[in-house]
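Chain by chain, the residues:
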There are 2 protein chains.
Amino acid sequence: MEEAYITMPKGFRASGVSAGMKCSDPANINKDDPKSSYLDVALIVSDTPANVAGVYTSNLVKGHSLTRTIDIVNSGSKVRGIVINSKVANAGVGKVGVDDAELVASKIADKLGCDSKQIMTASTGVIGSRLPVDKITNVVPELVDSLSSDEESAHNSEYAMMTTDTVPKEVAATITMGDGKEVTIAAQAKGSGMIHPNLATMISVFTTDANISSDLIDKALHNAVKYTFNRVSVDGDTSVCDSVIVMANGASGASEITEGSEDYELFERALTKLSDDLARMIASDGEGASKFIEIEVTGAADEYDAKLIVTSVARSPLVKTAMFGEDANIGRVLTAVGYSGAKFDPNKVDILVGGMLFFHDGVCVDFDEEEAAKILACHDILIQIVLSEGEAHDRMFTCDFTYDYVKINGSYRT
Amino acid sequence: MEEAYITMPKGFRASGVSAGMKCSDPANINKDDPKSSYLDVALIVSDTPANVAGVYTSNLVKGHSLTRTIDIVNSGSKVRGIVINSKVANAGVGKVGVDDAELVASKIADKLGCDSKQIMTASTGVIGSRLPVDKITNVVPELVDSLSSDEESAHNSEYAMMTTDTVPKEVAATITMGDGKEVTIAAQAKGSGMIHPNLATMISVFTTDANISSDLIDKALHNAVKYTFNRVSVDGDTSVCDSVIVMANGASGASEITEGSEDYELFERALTKLSDDLARMIASDGEGASKFIEIEVTGAADEYDAKLIVTSVARSPLVKTAMFGEDANIGRVLTAVGYSGAKFDPNKVDILVGGMLFFHDGVCVDFDEEEAAKILACHDILIQIVLSEGEAHDRMFTCDFTYDYVKINGSYRT
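Residues numbered from 1 in each chain as written. Chains lettered and ligands numbered in written order. Predicted model: local features only at pLDDT ≥ 70, side-chain atom pairs only at ≥ 80, totals over all residues.

Section: the overall build of chain A
Okay, step 1: Counting secondary structure elements, chain A contains twelve helices and 15 strands.
Okay, step 2: For 414 residues, the compact-globule formula gives about 22 Å, and the C-alpha radius of gyration of chain A, at 22 Å, lands near that figure.
Okay, step 3: Expressed along its principal axes, the backbone C-alpha trace of chain A runs to roughly 70 × 55 × 40 Å.
Okay, step 4: The buried share of chain A, reckoned over its 414 residues, is 62%. (Helix = DSSP H or I, 4+ residues; strand = E, 2+ residues; numbered from the N terminus. Rg over C-alpha atoms; globule rule 2.2 N^0.38 Å. Buried ≥ 20, exposed ≤ 12 C-beta atoms within 10 Å, placed from the backbone.)

Now the structure itself:
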């Protein structure tokens, strides 16, 4: 993938600094360490007020930084930017959590010279601890002063969002509108654990210099996430802080994208492609993951059943540990399809892994163990489930379940 | 718990032998090894035809040994016994799987002098491999000849059922009927992985010398499993072979148990208590488990929501890894309650672990880290979720998620 960063669209600046949450003593920061190990507050701003849309976690419990952002987006007003902190989720601490997020936003707004309601907030990390507001407000001057459209500042804002992510996740695309003008869309994400459809501890921010209304971004975004961000499962846990935010500032100078136009189709397609790229990156970098697994079902009776099946297989610890162990225990896939709740004839199921047939009409076929071993040794594994019930299909991205998943999550808080 | 074994009720005999499935070369068997490492075929018989009832996996894909047993139980005829093999699940191999099970049953029936339809079959192990019928039929003479009501033979039949179980699971109870006669109920189970409500790779056989019709056993059994076997989740995977079978031969000489009688209440209560004991043993010995976790919800709006909540928490890899790491990351419990799909006010949730309050009205309380560490260091962990929506309650048993779970399941087949 080509170099990509969040400030590629015109009129956006970003920064990432250390407020001492990931690394409590700034004097201890080893500049040879990855920046993601100490940067912990990110700011992404548009030079001019931008239209905005978002999709959020389906969890009934929502983080306080997030509920504040939802209110802002729902108000229909334009925004100037978003501040994101890692390490502390600002969730499960009560009303004080909303006040804390508001205080951080207002300090940034003061410094930028805008209204605090134009600064969205996002937090990711441990639930039940208060945001260290003093630490964050202390670095607001540095955060705002270091805003820049250069590549390094953009990458810093991504590093500051990362928690147990091992690699940054940044994408961008440029499309040419009907009027000949170029429009750029860029995005960055943090993923890793607590990830299951309808979002997870997953925060993704998109910037674009397209000229498009909030309502139309909203439409494009909902279509874009459906089979991308909403088809990633790392561990079946849906976090309280997930969000995908798109800011569009029109700085490209291109004509306004209108509903039903070819420009809209181009825009939605590009947004979907970038979402797909990020979703694959998130699954691939799931906590402790050693493999990327794509699960595909075809021939399901209807969309509902298709989704039940891919969800069930993607969530199965037995399938995921077998993939980690490179063990051709494909009966576990059949089992997970069986308990998914979908209706199908077990005697008409084919299962392929890496293009190789393991089950035909519900019966395990004689397969070449050596060939199977080769397929299972790959980093990317495609599991295909072929039913004979109808025309519906779906897919989901996940990763394997490893020792490292247990290690990371056995001691996350401490 | 007192000594218990499956032949404690009058008129039952059992045996367990090695057919060379777990250990392919009988010459290699080290008699110092646990018997569960080489015994692989179990037989439990009643001296006289017994009434019978069963509950089975909800998985749409069912093992061939199991579908045969379901047909037998549903026919309403009496049975003489059940043959159980470990190592191979006899599932996902097509029609030949039914024939294989039938052949094994008929060889045993010939030797016992009964009809093959009186011998039920159960298999547990790898899916997609054919049952090694020759190996099993070769040991049928030994299996039948070694049938005995003594304690050792009974234990052998339990060892032969075990797969990744680390401890045998055997329980028994004696109750005094209204006519003064004593009735005994005994049971044994194998559990371990692929375990989630509505049964799992879990096979449990009950014997009793009570005088009770198949219909009444069926009623008592369905009530007994509801909050016991159907409330165990090891990993969310529901296997294709699960079954709980109860055989009642009336050998106690007690009067027949009739519907609505006090004797029936006594019987159902004893059956439920034994099911509860076995369910706890199964969760406690879940694959790789280092802890037993009981999740309880009270104050839910209705039974449906209560079940959603305990299922969601019991299934959360993040909760289960935190318990393994003895990490007081109780925000993960709140998160799992939040995405359970149940309706509740997040601002009216209390969460207690080991009786200690961690969340009050949805907000994390200041807790004593040292006290928390002590609670989380215990083997048995009770997680209580208190809502303010209604009167419904539920509970579920599970275990923690450990390195060993990944290890066991990364290489089960090979």
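Some words on unusual backbone geometry
Okay, step 1: You will see that A:Lys87, though not glycine, has its phi angle at about 85°, which is positive.
Okay, step 2: Its place among the elements puts A:Lys87 in the loop between β3 (79–85) and α2 (95–112).
Okay, step 3: Since 21 C-beta atoms lie within 10 Å of it, A:Lys87 is described here as buried.
Okay, step 4: The backbone of B:Glu326 shows a phi angle near 50°, a positive value even though the residue is not glycine.
Okay, step 5: As for its position among the elements, B:Glu326 is in the loop between α9 (317–324) and α10 (331–338).
Okay, step 6: Taking the C-beta count within 10 Å as the criterion, B:Glu326 has 20 such neighbours and is therefore assigned buried.

Quick word on the environment of B:Asp277
Residue and element names in this part refer to chain B.
Okay, step 1: Within the secondary structure, Asp277 is located in helix α7 (residues 262–284).
Okay, step 2: Residue class for Asp277 comes out buried when judged on the 20 C-beta atoms lying within 10 Å of it.
Okay, step 3: On a C-alpha basis, the gap between Asp277 and His379 in space is 16 Å, while along the polypeptide they are 102 residues apart.

Comments concerning the domain arrangement of chain A
Okay, step 1: Taken domain by domain, chain A consists of domain 1 (12–284) and domain 2 (292–410).
Okay, step 2: Between domain 1 of chain A and domain 2 of chain A, the C-alpha centre-to-centre distance is 33 Å. (Domains from an automatic or database assignment.)

Some thoughts on the sheet that holds strand β10 (residues 292–300) of chain A
All names here are of chain A.
Okay, step 1: As summarised here, the arrangement of the seven strands in space is β8-β15-β10-β14-β11-β12-β13, forming an open sheet in which the pairing is mixed. Sheet topology places β8 (232–233) and β13 (363–364) at the edges, where each strand pairs with a single neighbour.
Okay, step 2: Taken together, the three bridges between strand β11 (residues 350–353) and strand β12 (residues 356–360) define a ladder with antiparallel strand orientation. What sits directly across from Val353, in β12, is Met356. (Pairing = 2+ DSSP bridges.)

Section: the sheet that holds strand β12 (residues 363–364) of chain B
Residues and elements named next belong to chain B.
Okay, step 1: Read across the open sheet, the six strands follow the order β12-β11-β10-β13-β9-β14; overall the sheet is mixed. Every interior strand has two partners, whereas the edge strands, β12 and β14 (392–399), have only one.
Okay, step 2: With four bridges joining them, strand β10 (residues 350–353) and strand β13 (residues 380–386) adopt antiparallel strand pairing. Bridged to Ile351 within β13 is Ile385.
Okay, step 3: Set on the sheet, α7 makes contact with β9 (292–300) and β14; between it and β14 the angle comes to about 45°. (Contact = placed C-beta atoms within 7 Å. Axes fitted to C-alpha atoms, helices over the stretch in contact; angles between N-to-C directions.)

Thoughts on the pairing of strand β4 (residues 119–123) of chain A
One face of the sheet, then the other: side chains in a regular strand alternate in exactly this way.
All names here are of chain A.
Okay, step 1: By the criterion of burial, β4 is predominantly enclosed, with five of the five residues buried.
Okay, step 2: Here β4 shows no split at all, with Ile119, Thr121 and Ser123 on one side and Met120 and Ala122 on the other all buried.
Okay, step 3: Pairing of β3 with β4 involves five bridges; the strand directions are parallel. Of the residues in β4, the one forming a bridge with Gly81 is Ile119.
Okay, step 4: You can see the chain leave β3, run along α2 and come back into β4, and the turn it takes is right-handed. (Right-handed = clockwise from strand over helix to strand, strands pointing away.)

A look at helix α9 (residues 317–324) of chain A
Residue and element names in this part refer to chain A.
Okay, step 1: Among the eight residues in α9, eight count as buried, and that is most of the element.
Okay, step 2: Within α9, burial applies to Pro317, Leu318, Val319, Lys320, Thr321, Ala322, Met323 and Phe324.
Okay, step 3: Taken from the residues just after α9, Glu326 is the one with a positive phi, measuring 50°.

Description of the packing of helix α6 (residues 214–226) of chain B against α7(B)
Residue and element names in this part refer to chain B.
Okay, step 1: Viewed as axis vectors pointing N to C, α6 and α7 meet at an angle of 45°, and their least axial separation amounts to 9 Å. As summarised for this structure, α6 and α7 are arranged oblique, according to the angle between their axes. For the element pair α6 and α7, the recorded crossing hand is right-handed. Residues Leu216, Ala220, Leu221, Asn223, Ala224 and Val225 of α6 touch α7, and the partners they reach there are Tyr264, Phe267, Glu268, Leu271, Thr272 and Ser275.
Okay, step 2: Residue composition of the contact of α6 with α7, by class: eight nonpolar, three polar and one charged. (Parallel < 35°, antiparallel > 145°, perpendicular 65-115°, else oblique. Left-handed = near helix turned anticlockwise from the far one by under 90°. Nonpolar A, V, L, I, M, F, W, Y, C, P; charged D, E, K, R; others polar.)

Thoughts on α2(A)
Residue and element names in this part refer to chain A.
Okay, step 1: For α2, with 18 residues, the first-to-last C-alpha span of 26 Å sits near the 26 Å given by 1.5 Å per residue.
Okay, step 2: Where α2 is buried, its residues contact β2 (41–56), α1 (64–75), β3, β4, α3 (133–138) and α4 (140–145).
Okay, step 3: Gly113 occupies a position one or two residues after α2 and carries a positive phi of about 75°. (Expected span 1.5 Å × (residues − 1).)

Regarding the pairing of strand β9 (residues 243–248) of chain A
All names here are of chain A.
Okay, step 1: Extensive coverage of β9 is indicated by the burial of six of its six residues.
Okay, step 2: Burial of β9 is two-sided: the residues Ser243, Ile245 and Met247 facing one way and the residues Val244, Val246 and Ala248 facing the other way are all buried.
Okay, step 3: As judged from the six bridges shared by β2 and β9, these two strands associate in the antiparallel manner. Residue pairing across strands places Asn51 opposite Ala248, the latter belonging to β9.
Okay, step 4: Pairing analysis gives six bridges linking strand β7 (residues 203–208) to β9, with the strands arranged parallel. Counted as the bridge partner of Ser204 is Val244 from β9.

Thoughts on the packing of helix α8 (residues 303–315) of chain A against helix α10 (residues 331–338) of chain A
All names here are of chain A.
Okay, step 1: Where α8 meets α10, the closest approach of the two axes is 8 Å, and the angle between their N-to-C directions is 135°. The angle between α8 and α10 places the two elements in the oblique class. The handedness of the crossing between α8 and α10 comes out as right-handed. Between α8 and α10, the residues in contact are Ile309, Ser312 and Val313 and Val333, Ala336 and Val337, respectively.
Okay, step 2: Considered class by class, the residues forming the contact of α8 with α10 number five nonpolar, one polar and no charged.

Some points on the environment of B:Ala300
Okay, step 1: Structurally, the position occupied by B:Ala300 is in strand β9.
Okay, step 2: Ignoring any residue separated from it by four or fewer positions in sequence, one finds B:Ala300 in contact with B:Asp305, B:Ala306, B:Ile309, B:Ala342, B:Leu387, B:Glu389, B:Gly390, B:Ala392 and B:His393.

A closer look at the environment of B:Ala89
Okay, step 1: Relative to the elements of secondary structure, B:Ala89 occurs in the loop between β3 (79–85) and α2 (95–112).
Okay, step 2: The sequence separation of B:Ala89 and B:Asp134 amounts to 45 residues, and the corresponding C-alpha distance is 16 Å.

Concerning the confidence of the model for chain A
Okay, step 1: Looking at chain A as a whole, its pLDDT mean stands at 90, while 93% of the residues score no less than 70.
Okay, step 2: Note on residues 196–200 of chain A: pLDDT under 50 across the span, and 25 contacts to partners over four residues away in sequence or across chains. (pLDDT = per-residue confidence, 0-100.)

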